[in-house]
Amino acid sequence: MVHVFGPANAPGTSALQLPDVVMELGQRFVDAGHELSLVGGPVRDLFLGRVSPDLDFTSDADPDAIVAVIRKWADTFWEIGRDFGTIGLRKGDFTIEVTTYRADAYDPDSRKPQVAFGKSLEDDLFRRDFTMNAMALRLPSLELVDPYGGVRDLHAGMVRTPGEPSTSFSDDPLRMLRAARFASQLNVSVAPEVAAAMTDMAERIEIISAERVRDELVKLINGKDPRAGIDLLVETGLAEYVLPEVAALKLEIDEHHRHKDVYQHSLTVLEQACELETDDGGAVPGPDFVLRFAALMHDVGKPATRRFEPSGAVSFRHHDAVGAKLTAKRMKKLRFDNDTIKAVSRLVELHMRFYGYGEAGWTDSAVRRYVTDAGPLLERLHRLTRSDVTTRNRRKAERLAFAYDDLEQRISALKEQEQLDSVRPDLDGQRIMALLGIKPGPAVGRAYKFLLDERMENGPQDPDVAEKKLLEWWTQQPESASDADGS
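Summarised in this report is the structure supplied together with it.

## Structural notes on the pattern of salt bridges
Side chains that carry opposite charge are capable of pairing whenever their charged atoms lie near each other. One pass over the full model with this rule turns up 30 salt bridges. Its salt-bridge partner being R346, residue E349 comes within 3.1 Å of it at the nearest N-O pair. Here the residue E349 and the residue R346 both occupy positions in helix α17 (residues 338-350), the gap between them amounting to three residues, near one helical turn. Residue classification places E349 among the partly exposed residues on the basis of a relative accessible area of 38%.

Take a look at the structure:
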């Protein structure tokens, strides 16, 4: 590693480290008569004490000249971004992009830039999203170029834009979401003028593709402080376009204080779910988007189901089922993959299942169904359910925690006796058809369901017992004779 000593160029920074490949590449460009600078996120990350595996550079060299410099040095390279002045390459463990200085103009009705190559590093930096990303290190001299106060803002923990925020966000409205993502990832605040522009221009986010919005949202949710990012989206009005179901929770504050603030409760559940994630060797390694997003969305069904009872109480019957549908619908609009949609919406659907266990107790059959219905989501469901306890009533919180401890212990005990993770009937489909003398069809499915219910209710049974019960059940089915002869 090459050490960059910061005090001369960056007050408040002691020592920064750069990979050898950075200096090697810089020297190659200088030897070829060109400029090269490390730029953007990798420079910002150096001041945060970390080295990014993805390294971004900018140069006065055009794409042809870039290829000429790196062709024999790179392990491999690609030209997919050539039209935008970008050449990508791999060197060792690093992914590198070198882009010709840019001075793009933007169509205000789209996000498609009119690509124009620039003439100076300073012009290239001006077009970037935030001042903390508008810094560069000239290579190989390691001169810090920071014309817009990026180091100052980074140390102050403040998100600012190089120029007017309204111009920056008009060029690329996704930058408004990126500001909220930075609030989550970097524990920074946005400058007042940036927040004001986000509020005034929130509607502009609608011209951005669902896929780009989704990717920023995932990064925000998976950040160190997702609560801060979500709060910023709601406060600026961006959430009304990106996550309107969460924005609607803000409207559920009850002026009569007959129920808790659903919005703040949801953010607290999100925070608590993050705290229950494990390390890489645990059951739910963090950051876990599925758990976190389910925690945020678990109560989005409440606005549609709120009812004021004659007694004066407030109820939200079936908000779990309604919330699951709303969550799936939103995630489909954001172009999430089907597996992620199913996992998150299933957790939302199941998050109320535990309540009542402490009062009434559950049979072994109910515990089996809880485990089976959760399937591979069980460990996440454990954490979501525990996170959903935000009451300030210490006795109530302790009672719920004790009850869930008891449920987990019962699940562990049953797992030792049975294979709960893959509960199946004691007879398979082939045996069912042979025993009943029927062909594949709806009757087999009904028989399978009967045996599965028996398995849930009574646990594993000997095949002889299962066969006897199946035959007894079959004699009570009015269609058994017609199914048996295949008519």
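Next comes the rest of the description.
## Remarks on unusual backbone geometry
Going from L139 to P140, the amide bond is cis rather than trans, its omega being 0°. At N187, a position not held by glycine, the phi torsion is positive, near 55°. If you trace the backbone, N187 turns up in the loop between α7 (174-185) and β13 (189-190). The backbone of R335 sits at a positive phi, close to 65°, despite the residue not being glycine. The residue R335 is located in the loop between α16 (319-333) and α17 in this model. For R335, a relative accessible area of 46% puts it in the partly exposed group.

## Things to note about the packing of aromatic side chains
This structure, assessed with the given rule, holds nine aromatic pairs. Ring centres 4.7 Å apart and planes at 70° place the aromatic pair F354 and Y404 in the edge-to-face group. Linking F354 in the loop between α17 and α18 (357-360) with Y404 in helix α21 (residues 394-417), this pair joins segments that are 50 residues apart in sequence. Like F354, the residue Y404 is buried in the burial classification. When the centroid spacing of 6.0 Å and the interplanar angle of 40° are considered together, the rings of W473 and W474 count as tilted. Classification of W474 by relative accessible area gives buried; the value is 9%. An aromatic cluster of at least three residues, connected via ring pairs, comprises F289, F293 and F336. Sitting over the face of the ring of F316, K302 holds its NZ or CZ atom 4.7 Å from the ring centroid.

About the criteria used
Residues numbered from 1 in each chain as written. Predicted model: local features only at pLDDT ≥ 70, side-chain atom pairs only at ≥ 80, totals over all residues. Heavy atoms only, no water. Salt bridge = Lys/Arg side-chain N within 4 Å of Asp/Glu carboxyl O. Helix = DSSP H or I, 4+ residues; strand = E, 2+ residues; numbered from the N terminus. Buried < 20%, exposed > 50% of the residue type's maximum accessible area, 1.4 Å probe, protein only. Phe/Tyr/Trp six-rings, centres within 6.5 Å; stacked < 30°, edge-to-face > 60°. Lys NZ or Arg CZ within 6 Å of the ring centre and 35° of its normal.

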